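# What the coordinates show
Here is how the chains run, residue by residue.
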Amino acid sequence: MPRPIAATLSLSALHNNLQVVRRYSPHSRVWSVVKADAYGHGIKRIWQGLRTTDGFALLDFNEAVLLREAGWQGPILLLEGFFQAEDLKAVAHYGLTTAVHSRWQVAALATSHVTAPIDIYLKINSGMNRLGFQPAEAAEIWHQLRALPQVGEITLMTHFASADVPEGVNAQVDRIEQGSYQLPGPRSYANSAATLWHPQTHQDWVRPGIILYGASPSGKPQDIAETGLEPVMSLHSEILAIQSLSPGDRVGYSGRYCAEQAQRIGVVACGYADGYPRHAPSGTPVIVDGVKTRTLGTVSMDMLMVDLTPCPQAQIGTPVELWGHQLPIDEVAAAAGTLGYELMSALAPRVPVRVDA
């Protein structure tokens, strides 16, 4: 018999979330970001739920090939670009679009022998200080690329550091425009947060990621409560044992929770080896039989404990939702001091996954 833990993915929720993106950015085309194996959802499992997108954006070349072999014939963007000069033949062969963020990549393109021009996303560093050229370099690099027969269409691209906080994006937009406002061609600036909250950044292409999966770019579920976004992933399990505590009894490794009174607790078949955050403290929300309660003590590799005080009817076999439709993943992540991005991406391979249409 399998353990009762399982994840359920909703393709209809994915399709809905893509339509929400289109309502927010009606004049832009959409790159659906499926990096990190679609944020832990599995590209092979879910890409059909996004089949009406204009393109897919990801990091890993093998995932790009997977999409091509699965039947996707539209645009695919390599967000980190290519990693070695010899990769360019495969990029051209599979008809991929690649980011260019370093001078060595420009030089590699200039000496490459490719069968067709490669479309380029020229990455401008507008303040994130990860990848990209300084705005003052943008025109120089653009003209170098434009002179190469190996290069097709050039799109200007940046990534916002502060689109999800009050600081906003205006300073970054100003920086990139200072160096590139006279350059022709399409632009792609907006990530998930900018797609929702900064319409001035939408430009020609938006690049939603986390919102496609129904979670908040800010990590605050209330920030997307009125958007119409729906959770794609639900993680659920069951109570496999029940313990009755006396005052002073401790729970879990290191006894980090101590009962102050007689208390009934449930043991749930879910632990950090399933992708649940080990650092989630006592008090992290969880749903038992439709009732919100809390975790108790340290999360184990295979189990966690929950307070059954609010749900005295709970028994062995009672259903538990770790996150999903009743409990936003962002709420769990906030209690654990992280973001929904991390919880989704950490779903363990051992967890069975069911895909609903």
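Throughout, residues of each chain are indexed from 1 in the direction in which the sequence is written. Per-residue local features are limited, in this predicted model, to residues with pLDDT of at least 70; the limit for side-chain atom pairs, both in listing and counting, is 80 or more; totals at the level of whole chains, interfaces and linings are taken over all residues. To get the side-chain values, take all heavy atoms of the structure and skip hydrogens and water.

Cut-off, in case you're wondering: UniProt positions are given in the numbering used here, feature names are shortened, and annotations may be inferred rather than shown by experiment.
As recorded by an unreviewed UniProt entry, the protein carries the name Alanine racemase and is attributed to Rouxiella chamberiensis. Quoted straight from UniProt, the Sequence similarities (unreviewed entry) entry for the protein says "Belongs to the alanine racemase family."

### Quick look at the environment of Ala-116
Test applied: A run of H or I in DSSP counts as a helix once it spans at least four residues, and a run of E counts as a strand once it spans at least two, with each numbered from the N terminus.
Looking at the secondary structure, you find Ala-116 in the loop between helix H6 (103–110) and strand E6 (118–123). On a C-alpha basis, the gap between Ala-116 and Val-91 in space is 9.8 Å, while along the polypeptide they are 25 residues apart.

### Section: the pattern of salt bridges
When charged atoms on two side chains of opposite charge get close, those side chains can pair. Worth spelling out the cut-off: By definition here, a salt bridge exists when the distance from a side-chain nitrogen of Lys or Arg to a carboxyl oxygen of Asp or Glu is within 4 Å. Under the scheme applied here, a residue whose accessible area is under 20% of the maximum for its type counts as buried, over 50% as exposed, and between as partly exposed, the area being computed with a 1.4 Å probe on protein chains only.
Tallied over the full model, the rule gives 9 salt bridges. Across the salt bridge formed by Arg-103 and Glu-137, the nearest N and O atoms sit 3.0 Å from each other. With Arg-103 in helix H6 and Glu-137 in the loop between E6 and helix H7 (138–146), the pair connects residues that are 34 residues apart, well separated along the chain. Given a relative accessible area of 22%, Glu-137 falls into the partly exposed group. Note that Asp-356 is salt-bridged to Arg-354, the shortest N-O span being 3.3 Å. Overall, Arg-354 belongs to the partly exposed group, its relative accessible area being 49%. Among the charged side chains, a network of salt bridges with common partners joins Arg-3, Asp-274, Asp-302 and Arg-350.

### What to know about empty space enclosed by the protein
Threshold: Only protein atoms enter the calculation, which uses a 1 Å grid: trapped sets of points that fit a 1.4 Å probe without letting it out are cavities, open sets showing protein on both sides within 12 Å along at least five of seven lines are pockets, and any residue with an atom within 4 Å of a point is a lining residue. Grid points are joined across faces, edges and corners, and a volume is the space filled by probe spheres set on the points. Residue classes follow a fixed rule: Ala, Val, Leu, Ile, Met, Phe, Trp, Tyr, Cys and Pro count as nonpolar, while Asp, Glu, Lys and Arg count as charged, and any other residue, Gly among them, counts as polar.
Within this structure, the stated rule accounts for 1 cavity of 30 Å³ or more. Considered as a void within the structure, the largest cavity measures approximately 30 Å³ in volume. In terms of lining, the largest cavity is formed by Lys-123, Ile-124, Asn-125, Ser-126, Met-128, Leu-131, Thr-158 and His-159. Residues belonging to the lining of the largest cavity are distributed by class as follows: 3 nonpolar, 4 polar and 1 charged.

### Observations concerning the packing of aromatic side chains
The condition that has to hold: Each aromatic pair joins two rings of Phe, Tyr and Trp (for Trp, the six-membered one) with centres within 6.5 Å, and gets the label stacked for planes under 30 degrees apart, edge-to-face for over 60, and tilted for any other angle.
With the rule as written, the count across this model stands at 10 aromatic pairs. Judged by centre distance (4.4 Å) and plane angle (25°), the rings of Trp-31 and Trp-205 are stacked. Linking Trp-31 in strand E2 (residues 29–33) with Trp-205 in strand E9 (residues 205–206), this pair joins segments that are 174 residues apart in sequence. Exposure class is identical for Trp-31 and Trp-205. Each is buried. With 6.4 Å between their ring centres and 75° between their planes, Trp-47 and Trp-72 make a pair best called edge-to-face. Pair noted here: Trp-47 is in the loop between helix H3 (43–46) and strand E3 (55–58) and Trp-72 is in the loop between helix H4 (61–70) and strand E4 (76–78), with a separation of 25 residues, a long-range link. Since its relative accessible area comes to 8%, Trp-47 is described here as buried.

### Quick word on the UniProt feature "active site" (unreviewed entry) in the protein
Heads up, the rule is: The contact criterion used is simple: two residues touch if any of their non-hydrogen atoms lie within 4.5 Å.
Residues annotated in UniProt with the feature "active site" (unreviewed entry) correspond here to Lys-35 and Tyr-253. Spatial dispersion of the annotated residues is evident: they stretch over 219 residues in sequence, and the largest pairwise C-alpha distance comes to 35.0 Å. Taken from the residues named earlier, the lining of the largest pocket is made up of Lys-35. We classify Lys-35 as partly exposed; its relative accessible area is 32%. Discounting residues that sit within four places of it in the chain, Tyr-253 has contacts with Thr-298 and Ser-300.

### So, the packing of H6 against H7
Quick note on the threshold: For helices, the axis comes from a line fit to the C-alpha atoms of the stretch in contact; other axes are also lines fit to C-alpha atoms, and the angle between any two N-to-C directions lies between 0 and 180 degrees. Angles below 35 degrees are treated as roughly parallel, those above 145 as roughly antiparallel, those between 65 and 115 as roughly perpendicular, and all remaining angles as oblique. Take the far helix as the reference: if the near one is turned anticlockwise from it by less than a right angle, the crossing is left-handed, and if turned clockwise, right-handed.
Running from N to C, H6 and H7 point in directions that differ by 15°, and their axes come no closer than 10 Å. Comparing their axes, H7 and H6 come out roughly parallel. In the crossing of H6 with H7, the sense of the turn from one axis to the other is left-handed. On H7, the residues touching Arg-103, Val-106 and Leu-109 of H6 are Glu-140, Ile-141, Gln-144 and Leu-145. Of the residues in the contact of H6 with H7, the class split is 4 nonpolar, 1 polar and 2 charged.

### Digging into the UniProt feature "modified residue: N6-(pyridoxal phosphate)lysine" (unreviewed entry) in the protein
Mapped onto the present numbering, the UniProt feature "modified residue: N6-(pyridoxal phosphate)lysine" (unreviewed entry) falls at Lys-35. Structurally, Lys-35 is set in helix H2 (residues 35–39). Once residues within four sequence positions are removed from consideration, Lys-35 is found in contact with Ala-57, Leu-58, Leu-59 and Glu-63.

### With respect to the layout of surface pockets
Its boundaries defined by the atoms lining it, the largest pocket holds a volume of some 590 Å³. Surrounding the largest pocket, 26 residues form its lining, Lys-35, Tyr-39, Arg-130, His-159 and Asn-191 being those nearest its centre. In this structure, the second largest pocket occupies an estimated 210 Å³ of space. For the second largest pocket, the lining is made up of 18 residues, of which Gly-214, Ile-224, Pro-231, Gly-324 and Pro-328 are closest to its centre. Taken together, the residues of the lining of the second largest pocket break down into 13 nonpolar, 3 polar and 2 charged.

### Here's the deal with the sheet that holds E2
As a reminder, the rule being used: Whether two strands pair comes down to DSSP finding at least two bridges between them.
Ordered in space as E2-E3-E4-E5-E6-E7-E8-E9, the 8 strands form a closed barrel in which the pairing is parallel. The pairing of E2 with E3 spans 3 bridges and is classified as parallel. Across the sheet, the residue bridging to Ser-32 is Phe-56, located in E3. Where H6 meets the sheet, it contacts strand E5 (97–100), E6 and strand E7 (151–157), and its direction lies at approximately 135° from that of E5. Contacts from helix H8 (residues 170–180) reach E7 and strand E8 (187–190) within the one sheet, and its direction differs from that of E8 by about 165°.

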